[in-house]
Amino acid sequence: MRLKHGLLVAPLALFSAMAAMPVTAQSPNPAPVAAAPPQRTIIHAGTLIAEPGKPPRQRQSIIVEGGVIKDIVDGFVDGPVVIDLSNRYVLPGFIDMHAHVTGPSESELGDGDPAFWVARRHLIRQSRITLDTLPVLRAVLSNGFTTIRGLFDPASISYDLRDAIARGEVDGPRMIVSEPQFMVAGGDLDTASFKLREPLEPIVKNRGSCAGVEDCRRAVREEIKRGADVIKLRTADLAMSDPRIRAVEYPEEVRAIIETAHRLGRKVAVHSAATAPTLQALEAGADTIEHGPIEDSVVAMMKKTGAAYTPTLIVVQRLMPLLRKSGITRDLYGEARASALKAYRLGVPILYGSDFMPALAASQSGEFRELVGAGLPPVEAIRAATVNAAKALDMSDKVGSIAPGKFADIVAVDGDPLADITVLEKVGFVMKDGRVMKR
Ligand SMILES: [Zn+2]
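Residues numbered from 1 in each chain as written. Predicted model: local features only at pLDDT ≥ 70, side-chain atom pairs only at ≥ 80, totals over all residues. Heavy atoms only, no water.

An unreviewed UniProt entry lists the protein chain under the name Amidohydrolase family protein, from Sphingomonas colocasiae.

Caption draft 1: Geometry of the packing of aromatic side chains. Here the structure, examined in full by the defined rule, presents six aromatic pairs. Between Phe94 and Phe368 the ring centres are 5.0 Å apart and the planes differ by 65°, which places this aromatic pair in the edge-to-face class. One end of the pair, Phe94, is in strand β5 (residues 94–99); the other, Phe368, is in helix α12 (residues 366–373), with 274 residues separating them in the sequence. Members of the aromatic cluster, connected to one another through ring pairs, are Phe94, Phe145, Tyr352 and Phe368. The lysine or arginine in question, Lys398, covers the ring of Phe407, its NZ or CZ lying 5.7 Å from the ring centre. (Phe/Tyr/Trp six-rings, centres within 6.5 Å; stacked < 30°, edge-to-face > 60°. Helix = DSSP H or I, 4+ residues; strand = E, 2+ residues; numbered from the N terminus. Lys NZ or Arg CZ within 6 Å of the ring centre and 35° of its normal.)

Caption draft 2: Looking closely at the confidence of the model for the protein chain. Here the protein chain shows a mean pLDDT of 89. Residues at 70 or above account for 91%. Of the regions scoring below 50 in pLDDT, residues 1–33 engages in 130 contacts with residues more than four places distant in sequence or in other chains. (pLDDT = per-residue confidence, 0-100. Contact = heavy atoms within 4.5 Å.)

Caption draft 3: Representation of a nonpolar patch on the surface in the model. The grouping of Leu123, Leu200 and Ile203 at the surface amounts to a nonpolar patch, some 260 Å² of accessible area in total. Among the structural elements, Ile203 can be located in the loop between β8 (183–184) and β9 (209–210). (Patch = residues over 30% accessible without salt bridge, like charges linked within 9 Å, V, L, I, M, F, W, Y side chains within 5 Å. Areas by Shrake-Rupley, 256 points an atom, 1.4 Å probe, with all protein chains shown as cover. Salt bridge = Lys/Arg side-chain N within 4 Å of Asp/Glu carboxyl O.)

Caption draft 4: View of the coordination of the zinc ion. Distances from the zinc ion to its protein donors, namely His98 (NE2), His100 (NE2) and Asp355 (OD), fall within the range 2.1 to 2.4 Å. Expressed as a motif, the donor residue spacing for the zinc ion is H-x1-H-x254-D. Both residues of the pair, His98 and His100, belong to the buried class. (Donors = N, O, S within 2.8 Å, 3.2 Å for Na, K, Ca; no water. Buried < 20%, exposed > 50% of the residue type's maximum accessible area, 1.4 Å probe, protein only.)

Caption draft 5: Focus on the sheet that holds strand β13 (residues 308–310). Strand order across the open sheet formed by four strands is β10-β11-β12-β13, with parallel pairing between neighbours. Of all strands in the sheet, those bounded by a partner on one side alone are β10 (230–234) and β13. On average, each strand axis in the sheet is tilted by 25° relative to the strand beside it, whichever way the strands run. Sheet topology note: the strand β12 (residues 288–291)/β13 ladder contains three bridges and is parallel. Bridge pairing in β13 places Glu290 opposite Thr310. (Pairing = 2+ DSSP bridges. Axes fitted to C-alpha atoms, helices over the stretch in contact; angles between N-to-C directions.)

Printed below as a string of structure tokens:
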């Protein structure tokens, strides 16, 4: 398949760390992909939206040093290296809160059975998958996303990719990641879903599958030891398609997963489909709810617990034809748009999530337009990908706005995104950690 940036992409995978630092002399890689950032760079920003939600300022100079923002001063000051964005709108780098860099390619998506591409990720050589993922990572950066939260990578290459990106060995977004999805035995995408011959089942086994309190605690502890920055909990969609099932998970299993994650300082993102399992996860302390649509009782509970919502409207919209083919007659897209607006109006923080996958890489920026289409003001769609996302990651001191002390993650566009949100689909300049990634 071909992305809009002309990169040839195949199915792939990956992830990364919170401490993305500029390439330094102690990098183990003798030939880093990008040069070290110059000592001091000054960006002339025509209109600076430093913290979306606060009024933009005209003619500002952003002083970047060692990958970090040092200062912001009024007017255009001079320096050894000046980047001229004096006729552009300048914003903080975007954060995609729901991504799968090793997700399905176009042809894999077309066949409609998730068990198929997930099984392939376990069977294909990781070296091949990694090579196929490198252009995917560059496409993400090129779309203006300097940080992503990866929520399932069955190829299990994300922890190493995250670390390689953080060391400057590979170009890509900063990654906060969970390789497996946690789900109870017998849940979605459990080994039994793959329709494989029995001797092959152990090969495709998801590390996040667990049963009972002790086993679920063990699985979460082991995964955090292995490298997880976040825990993805997948409540079973089965409860939506089979009316005989209220919830596949026992409340104590859900509590075991969420409490163990919190005990070890990790947040929990919950894939939500049916109402009862989602409420169960919120009662246990779920931090973010992914997808939807979500019913009013879920929105009300989120308001109470402080959980944030990632509606991923763009993927629901794009996948509607596939969902219809699989027999779903509900207007899930219309319902998801309505729940996003309801949640926003009630004060639930809305997060930007494209459900990024190689098949839909070209529409990663489309969620801005979707959120505005659902009824959010443009500034709120921008906050979903910046300040709100940074807060949900507990990284407000590093990302999500342009301010002294934060990572120099900066994007620029030609028009005013507060007037026309679609300008964010054509990002012309991207800096990450003080290094220019696109110009
Ligand atoms: Zn997803």
